[in-house]
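# Residue-level structure breakdown
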Amino acid sequence: MAAKQLTKEKLREIHSLMVEGRILEERLIKMNKAGEGYFWIGGPGEEAFAVPFGMLVHKGQGIQSDFLHLHYRASATVLAMGGNSIDAIRQMRSVSTDPYSGGRNFVNHYAIKRWNIVPVFSCIEPQYLQALGTAHAQREKGCKGITVVTGGDAGTAEGDFASALVWSSRPAGISPMLMIVTNNRFGISTPWDGQHGEKNVADRGKAFGIQTVIANGNDVFEAWDALETAMEYVRKERKPYLLELSVSRLYGHSSASGAPRWNEPDCIELFEEKLIKQKVMTKEECQAVHDKMLTKITEAYKQVQLEPFPDPTSIYDHVWSKEDGNNGRDTFAEQMGVDFTHNPPQAHH
Amino acid sequence: MASIAQAIRMALHYGETHLEVSDIFGEDVGPPLGGAFTVTQGLTKSWNSPLDERGIIGMASGLGLAGKRCVAEIQFCDYIFNTIDLLKLAGNTAWCSNGEFNMPIVVMTPVGSGIHGSVYHSHSFDAWAARIPGWKIVIPSTSLDAYGLMLSAIVDPNPVMYLIPKALMRTKGEELIPGEPASDKELRDLIDAPVDAKARATWKARWPALKEHYVPIGKAKHVRQGNAATVVSYGRTMPIITQIANRLADQGIDYDVFDLRTIYPYDWEALKASIERTGRVLFVNEDTEVANFGEHLMRRTCEELFYSLKVRPRLLAGKQIPGIGISPSLEDVSVPQANHIEKEMLELVHEPA
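Residues numbered from 1 in each chain as written. Chains lettered and ligands numbered in written order. Predicted model: local features only at pLDDT ≥ 70, side-chain atom pairs only at ≥ 80, totals over all residues.

## Things to note about the overall build of chain B
Applied cut-off: Here a strand is any run of E in DSSP of at least two residues, a helix any run of H or I of at least four, and the numbering for each starts at the N terminus. C-alpha atoms define the radius of gyration, and 2.2 Å times the number of residues to the power 0.38 defines the globule rule. Partly exposed residues are those falling between the two cut-offs: more than 12 but fewer than 20 other C-beta atoms within 10 Å of their own, whereas 20 or more means buried and 12 or fewer means exposed, with C-beta atoms placed from the backbone.
Looking only at helices and strands, one finds 12 helices and 12 strands in chain B. For chain B, whose C-alpha radius of gyration is 20 Å, the value lies close to the compact-globule estimate of 20 Å for 353 residues. By its C-alpha atoms, chain B is 65 × 50 × 40 Å across when sized along the principal axes. Within chain B, the proportion of its 353 residues that are buried is 56%.

See below:
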């Protein structure tokens with residue numbers, strides 16, 4: 001369905017998810033500044049792309065559903081797929097109830113098997129290579145699922161992005177893989193201009209005969225249409241596709257830069273202007289959504305404060321697969337490891 | 001008797017026909033070459049990748065995440081080093097996702113010296129691999145173990161690094177693989193691709209009726225029993241040690257010899273029992289000596305078995321140099337050879353307690 005055909009209810013739903021995602025991220029930043037989490041990285045400013053993306057995914061488990069290899073700015077995508085904002089707060093506070101990593105990983109590092117969201121990691125490019133594998137599995141005859149991999153503009157520099165172009169387009173292995181580059185024109189603190197000789201990242205796909213499109217990721221309608229076109233192409237043609245979306249980065253790279261608010265276009269403000277102009281929502285209704293989400297996120301935050309930190313003796317759990325039994329515990333390493341009797345661990349920050 | 005290369009080939013065939021292996025891939029792995037060491041000739045699930053090691057490990061990881069079973073090859077371990085972070089990611093997938101995902105993949109790669117492979121075809125990887133938690137690491141030194149460890153690696157739900165001592169690739173086994181024909185020629189005629197390119201283009205392997213044989217990961221092989229001293233090794237140096245131990249046994253010195261077979265999680269119980277009994281131990285491998293895996297075994301020996309030792313524990317390893325020179329006069333002094341090993345074994349038993 002083209003974006004202009006979206007119903008008022010659907011537009012309101014998109015707006016609500018965008019606002020929830022933003023307020024969630026702002027809460028996570030506050031938590032970091034208050035010392036309630038060691039590090040923040042996330043995606044405030046990418047909601048206009050992230051929410052339509054989450055809505056358009058064919059979610060599920062196994063190769064007949066879409067595989068997602070996300071980077072760490074995908075909070076609003078996970079919410080749009082049905083994720084709970086409280087779970088990101090749990091990961092931020094690194095409590096044992098963190099469903100994505102059990103208090104082990106940075107915030108916005110998801111892992112949701114039932115929706116094919118494979119583990120997100122802090123490295124900025126290997127996801128393109130792992131995506132080759134799920135896309136290869138989806139070359140199976142009759143398969144309907146596709147692989148979608150996301151990264152930033154600076155995350156196209158190392159070579160793994162180039163490998164993804166080479167492998168996904170090679171005649172012996174053409175793969176149903178959508179590569180999405182969100183271009184915020186920064187790599188941590190370094191501006192795009194000094195590091196990129198190419199005019200657009202998407203241009204690199206052309207050398208491999210890969211379909212490429214550049215779109216405005218700050219506009220919900222344009223992002224929706226670009227994503228829908230790209231996903232339908234990959235789903236039907238079983239070929240790779242490269243989509244570059246320009247986006248804002250509203251709070252900088254991470255907490256390492258202090259996460260101050262940046263003066264860049266705000267996709268939620270832009271969307272609300274359109275919703276009000278098209279009489280989908282009034283200004284007051286928009287504000288009511290912000291108030292509602294603020295209450296929801298605040299309540300979730302309060303709940304998480306009561307939840308326990310991980311049991312220190314769990315460090316050896318899940319070294320191995322659950323299929324090995326005993327919670328995947330590496331009892332061999334445990335035997336030669338930390339002596340918990342003589343060095344009692346402290347279960348607090 | 002099958003060579004190690006033939007044994008692995010038969011294991012991979014068993015894997016693709018009985019154990020749901022969907023992809024066997026890497027550089028030159030598919031036809032026409034079938035692997036730089038012929039390990040993947042005649043397989044139906046084999047295919048050639050671009051010459052891109054990071055792509056190979058990434059592809060394997062993605063297949064694992066998709067629930068497929070695959071065996072990926074890095075043609076020589078010397079070329080695996082630019083994939084270290086991908087190996088780390090594969091090894092931490094289960095842990096970082098709190099058990100949500102696992103990574104059931106096998107990565108095989110030839111290791112070590114012995115073919116005058118110069119700087120980039122002689123490296124070892126055992127110490128490096130041992131520093132990547134979340135992986136199981138195996139290294140066979142006989143054909144039957146090569147077969148049985150590969151089957152175990154394929155069915156394991158975790159990432160398994162399968163190191164192949166390249167110097168032993170053509171070494172014939174002394175035990176038949178279940179289903180293997182007794183005649184070398186017959187096996188060769190069945191599963192070795194013809195060298196002639198024209199004949200090879202239409203060639204198809206005729207596989208013997210292979211049967212399952214699993215060598216459990218984590219179990220060392222007690223190669224020979226004795227009370228004089230414990231010798232622990234794996235890979236290329238293993239048959240050399242066995243030969244020396246057999247010869248010295250005729251002179252009345254009985255060594256307790258172990259082929260570790262699994263580098264992680266290794267069979268400490270077996271080593272511990274032996275070292276406690278003999279009070280003398282030598283660890284041998286050919287990786288460079290600083291931060292060597294044998295050093296780890298030395299540490300455990302010193303910390304846990306110190307009061308059982310009669311003499312100092314010993315490690316014989318490769319020299320701490322940037323590469324292995326191609327000239328035999330250089331290679332021979334860079335990594336343990338039979339004369340070095342025998343000298344250490346004799347000193348070990350003759351050192352006064």
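## Regarding the confidence of the model for chain B
The criterion, for reference: Summary of the metric used: pLDDT quantifies the predictor's per-residue confidence within the range 0 to 100.
Model confidence for chain B is summarised by a mean pLDDT of 97, while 100% of its residues fall at 70 or above. The ipTM value of the predicted complex is 0.96, and its pTM value is 0.96.

## Examining the interface of chain B and chain A
Let me state the cut-off plainly: C-beta atoms are first placed from the backbone for all residues, and any pair lying within 7 Å is then listed as a contact. Polar here means any residue outside two lists: the nonpolar Ala, Val, Leu, Ile, Met, Phe, Trp, Tyr, Cys and Pro, and the charged Asp, Glu, Lys and Arg; Gly therefore counts as polar.
Residue-level contacts link 33 residues of chain B with 38 residues of chain A. Broken down by secondary-structure element, the contributors of at least two residues to the side of chain B that touches chain A are helix 2 (53-65) and helix 3 (84-96) of chain B. Counting residues per element, the side of chain B that touches chain A draws most heavily on helix 2 of chain B, which supplies nine residues. Broken down by class, the residue content of the side of chain B that touches chain A amounts to 15 nonpolar, 12 polar and six charged.

## Quick notes on the sheet that holds strand 3 (residues 69-73) of chain B
All names here are of chain B. Spelled out, the test is: Two strands are said to pair when DSSP picks up at least two bridges between them. Under this scheme, a helix contributes an axis fitted over its contacting stretch, all axes are lines through C-alpha atoms, and angles between N-to-C directions fall in the 0 to 180 degree range.
In space, the seven strands of this open sheet follow the order 2-1-3-4-6-5-10, with mixed pairing throughout. Both edges of this open sheet fall to strand 2 (46-48) and strand 10 (262-264), since each of them pairs with a single strand only. Pairs of neighbouring strands in the sheet enclose a mean axial angle of 20°, with direction left out of account. Taken together, the four bridges between strand 3 and strand 4 (residues 105-111) define a ladder with parallel strand orientation.

## Some thoughts on unusual backbone geometry
All names here are of chain B. Here the amide bond leading from Pro31 into Pro32 is cis, since omega sits at 10°, within 30 degrees of zero. Relative to the helices and strands, Pro32 resides in the loop between strand 1 (21-26) and strand 2. At the junction of Tyr264 and Pro265, the peptide bond is cis and its omega measures out at -5° in the coordinates. Tracing the chain through its elements places Pro265 in the loop between strand 10 and helix 9 (268-278).

## What to know about the environment of Glu237 of chain A
Residue and element names in this part refer to chain A. Relative to the elements of secondary structure, Glu237 occurs in helix 8 (residues 220-237). Its 12 C-beta neighbours within 10 Å are what place Glu237 among the exposed residues. Expressed as a C-alpha distance, the spacing of Glu237 and Pro176, which sit 61 residues apart in the sequence, is 7.6 Å.

## Section: the sheet that holds strand 12 (residues 314-318) of chain B
Residues and elements named next belong to chain B. With mixed pairing, the five strands of this open sheet are ordered in space as 7-9-8-11-12. The sheet is open, and its two borders are formed by strand 7 (221-224) and strand 12, each paired with just one other strand. Recorded for the sheet is a direction-independent mean angle of 25° between the axes of neighbouring strands. Sheet topology places strand 8 (residues 229-233) next to strand 11 (residues 281-288); three bridges connect them, and they run parallel. Paired with Val231 across the bridge in strand 11 is Leu282.

## Structural notes on the nonpolar core
Short version of the rule: Working definition: the nonpolar core is a set of buried Ala, Val, Leu, Ile, Met, Phe, Trp, Tyr and Cys residues, joined through C-beta atoms within 7 Å.
Counting residues in each nonpolar core, the largest one holds 200 residues, and the members touching the most others are Leu178 of chain A together with Met150 and Tyr162 of chain B. A total of nine residues in this core trace back to one element, the largest contributor, which is helix 1 (residues 8-33) of chain A. Excluding anything up to four places from it in sequence, Tyr162 of chain B contacts Val106, Val107, Met108, Val138, Leu149, Met150 and Ala153 of chain B.

## Points about the pairing of strand 3 of chain B
Residue and element names in this part refer to chain B. Of all the five residues making up strand 3, five are buried; the element is thus mostly covered by neighbouring parts of the structure. Bridge count for strand 1 against strand 3 is five bridges, and the pairing is parallel. Residue pairing in the sheet places Ile24 in a bridge with Val71 of strand 3.

## As for the domain arrangement of chain A
Note on interface size: it is often stated as the accessible area lost on association of the parts. Selection rule: Residue ranges for the domains originate in an automatic or database domain assignment.
Examined at the domain level, chain A breaks down into domain 1 (3-310) and domain 2 (313-349). Using only C-alpha atoms to locate each centre, domain 1 of chain A and domain 2 of chain A end up separated by 33 Å.

## Some details on helix 1 of chain A
Note the cut-off: An expected span of 1.5 Å times one less than the residue number is assigned to each helix.
Between its first and last C-alpha atoms helix 1 of chain A spans 37 Å; for 26 residues at 1.5 Å apiece the expected length is 38 Å, and the two agree. Gly35 of chain A lies just past helix 1 of chain A and shows a positive phi near 80°.

## Some points on helix 9 (residues 267-277) of chain A
All names here are of chain A. What counts is decided by this rule: As used here, the arc belongs to the directions running from the helix axis to the C-beta atoms.
Three or more residues of helix 9 are buried, namely Cys267, Ile268, Phe271, Glu272 and Leu275. Taken around the axis of helix 9, the buried residues stretch over an arc of 130°, which confines them to a single face. Looking at helix 9, the residues exposed on the side facing more than 90 degrees away from the buried face are Glu269, Glu273 and Lys277. Where helix 9 is buried, its residues touch helix 1, helix 2 (47-56), helix 8 and helix 10 (283-305).

## Quick look at the domain arrangement of chain B
Residue and element names in this part refer to chain B. Domain boundaries in chain B define domain 1 (4-202) and domain 2 (221-350). Averaged C-alpha coordinates put domain 1 and domain 2 at centres separated by 26 Å. Tallying the contact residues gives 26 residues for domain 1 and 25 residues for domain 2. If you list the elements that add at least two residues to the side of domain 1 that touches domain 2, you get helix 4 (126-130), strand 5 (136-138) and helix 5 (143-155). Counting residues per element, the side of domain 1 that touches domain 2 draws most heavily on helix 4, which supplies four residues. Across the side of domain 1 that touches domain 2, the residue classes tally to 14 nonpolar, nine polar and three charged.

## Description of the packing of helix 8 (residues 237-250) of chain B against helix 12 (residues 338-350) of chain B
Residues and elements named next belong to chain B. Which entries qualify depends on this criterion: We call two directions roughly parallel when the angle between them is under 35 degrees, roughly antiparallel when it is over 145, roughly perpendicular when it lies between 65 and 115, and oblique otherwise. Helix crossings get a hand from a simple test, with the near helix turned counterclockwise from the far one by less than a right angle marking a left-handed crossing and a clockwise turn marking a right-handed one.
Where helix 8 meets helix 12, the axes come as close as 10 Å, and the angle between the chain directions of the two elements is 50°. When the axis of helix 8 is compared with that of helix 12, the two are oblique. For the pair helix 8 and helix 12, the crossing hand works out as right-handed. Between helix 8 and helix 12, the residues in contact are Thr237, Ile240, Ile241, Ile244 and Leu248 and Ala338, Ile341, Glu342 and Met345, respectively. Partitioned by chemical class, the residues of the contact of helix 8 with helix 12 number seven nonpolar, one polar and one charged.

## A short note on the environment of Leu165 of chain A
All names here are of chain A. Inspection of the secondary structure assignment puts Leu165 in helix 6 (residues 160-169). As a C-alpha pair, Leu165 and Arg204 span 39 residues in sequence and 8.3 Å in three-dimensional space. Here Leu165 is in contact with Arg204, Gly205, Phe208 and Ile210, once residues within four sequence places are set aside.

## Quick notes on the packing of helix 1 of chain A against helix 10 of chain A
Residues and elements named next belong to chain A. Packing of helix 1 against helix 10 leaves a shortest axis separation of 9 Å and a crossing angle of 45°. Judged on the interaxial angle alone, helix 10 and helix 1 are oblique. Note on packing geometry: the crossing formed by helix 1 with helix 10 is right-handed. The residues of helix 10 that touch helix 1, namely those facing His15, Ser16, Val19, Glu20, Ile23, Leu24 and Arg27, are Val289, His290, Met293, Leu294, Ile297 and Tyr301. When the residues that make up the contact of helix 1 with helix 10 are grouped by side-chain class, the tally is eight nonpolar, three polar and two charged.

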